[in-house]
Amino acid sequence: MDKVIDTQRMDGSFTDLADDRKRVRIEVTLKGAELSAIGVTDIASLKALQASKLQKCYFQFKLPTFSARPQIRTGSDVLQNEKQRWRSKTWLRAGLVGLMAMDRASENFLETQKRDVAKAVRRIKGPRPRVFAGKRLADSFVAWDEMNRKVNVALTALEKREGTAWKKLKP
């Protein structure tokens, strides 16, 4: 959600933010088992909640990596580059979550293909199938360090504000 206004008043007036003051707001809604998993069972249990510990499960920002082959020597190089173009288009259309889902589906499909090839070769009792190169040389996603640091600072500040607010309440 983009924050483009500030200082909203009861009469409906507000202050437009200048371009350099506009920002994005992230909202997360936790329900049911998720609340129990972080130790929130009632209002009083919020006092013990450490907001900075939420980052590990809920606020991990990542950027995709793409590995196109600069020199085309084989058909495999062409296919690799086309796959990377397809991944980048998916990322632009569906974001990181969509790209992760596509990568997972592609990996699952390749695993089924490997099993099917191995099964067919066993049936005809031919030579064992070629072993594929294995996992990627580089991760398909890297941590977005700058954003993760900003989130950590924000969660730590939230934790301090909440701690101060709880101290002001009478027991």
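Cut-offs used in this document
Residues numbered from 1 in each chain as written. Predicted model: local features only at pLDDT ≥ 70, side-chain atom pairs only at ≥ 80, totals over all residues. Heavy atoms only, no water. Patch = residues over 30% accessible without salt bridge, like charges linked within 9 Å, V, L, I, M, F, W, Y side chains within 5 Å. Areas by Shrake-Rupley, 256 points an atom, 1.4 Å probe, with all protein chains shown as cover. Salt bridge = Lys/Arg side-chain N within 4 Å of Asp/Glu carboxyl O. Helix = DSSP H or I, 4+ residues; strand = E, 2+ residues; numbered from the N terminus. Core = buried A, V, L, I, M, F, W, Y, C linked by side-chain atoms within 4.5 Å. Buried < 20%, exposed > 50% of the residue type's maximum accessible area, 1.4 Å probe, protein only. Contact = heavy atoms within 4.5 Å. pLDDT = per-residue confidence, 0-100. Lys, Arg positive; Asp, Glu negative; His and termini not counted. Charge placed at Lys NZ, Arg CZ, Asp CG, Glu CD. Polar contact = N/O pair within 3.5 Å; in protein donor to acceptor, adjacent residues only side chain to side chain.

**Quick word on a nonpolar patch on the surface**
Move 1: Where nonpolar side chains cluster on the molecular surface, the patch consists of Val24, Ile26 and Val28 and spans about 260 Å² of accessible area.
Move 2: As for its position among the elements, valine 24 is in strand E4 (residues 23-24).

**Remarks on the nonpolar core**
Move 1: Within the largest apolar cluster, five residues are counted, these being Ala51, Leu54, Phe59, Val151 and Leu155.
Move 2: The contact partners of valine 151, leaving out residues within four places of it in the chain, are Gln55, Phe59 and Phe61.

**Remarks on the confidence of the model for the chain**
Move 1: Per-residue pLDDT for the chain has a mean of 82; in total, 89% of the residues score no lower than 70.
Move 2: The element-level mean pLDDT for the chain is lowest in strand E1 (residues 2-3), coming to 68, with helix H1 (residues 33-37) highest at 90.

**Focus on a positive patch on the surface**
Move 1: Taken together, the side chains of Arg115, Lys119, Arg122 and Arg123 make up a positively charged region of the molecular surface.
Move 2: With respect to the helices, strands and loops of the structure, lysine 119 is situated in helix H3 (residues 75-124).

**As for the pattern of salt bridges**
Move 1: Summed over all chains, the structure comprises six salt bridges.
Move 2: Taking the shortest distance from any N to any O, the salt bridge between aspartate 77 and arginine 69 comes out at 2.9 Å.
Move 3: Of the residues examined, arginine 69 reaches a relative accessible area of 33% and is grouped as partly exposed.
Move 4: For lysine 150, the salt bridge goes to glutamate 146, with nearest N and O atoms at 3.8 Å. Taken together, the residues span about one helical turn, with lysine 150 and glutamate 146 both in helix H4 (residues 145-168) at a distance of four residues.
Move 5: Here lysine 150 falls in the exposed class, since its relative accessible area comes to 53%.
Move 6: By relative accessible area, which is 47% here, glutamate 146 ends up partly exposed.

**Regarding the side chain of serine 45**
Move 1: Here serine 45 shows up in the loop between H1 and helix H2 (55-58).
Move 2: Among the residues examined, serine 45 registers a relative accessible area of 13% and is labelled buried.
Move 3: Only 2.6 Å separates the side chain of serine 45 from the backbone oxygen of aspartate 42, close enough to count as a polar contact.
Move 4: Residues in contact with serine 45, not counting those within four places in the same chain, are Gly39 and Val40.

**Notes on the environment of lysine 53**
Move 1: With respect to the helices and strands, the residue lysine 53 is situated in the loop between H1 and H2.
Move 2: Placed 102 residues apart in sequence, lysine 53 and leucine 155 show a C-alpha to C-alpha distance of 8.4 Å.

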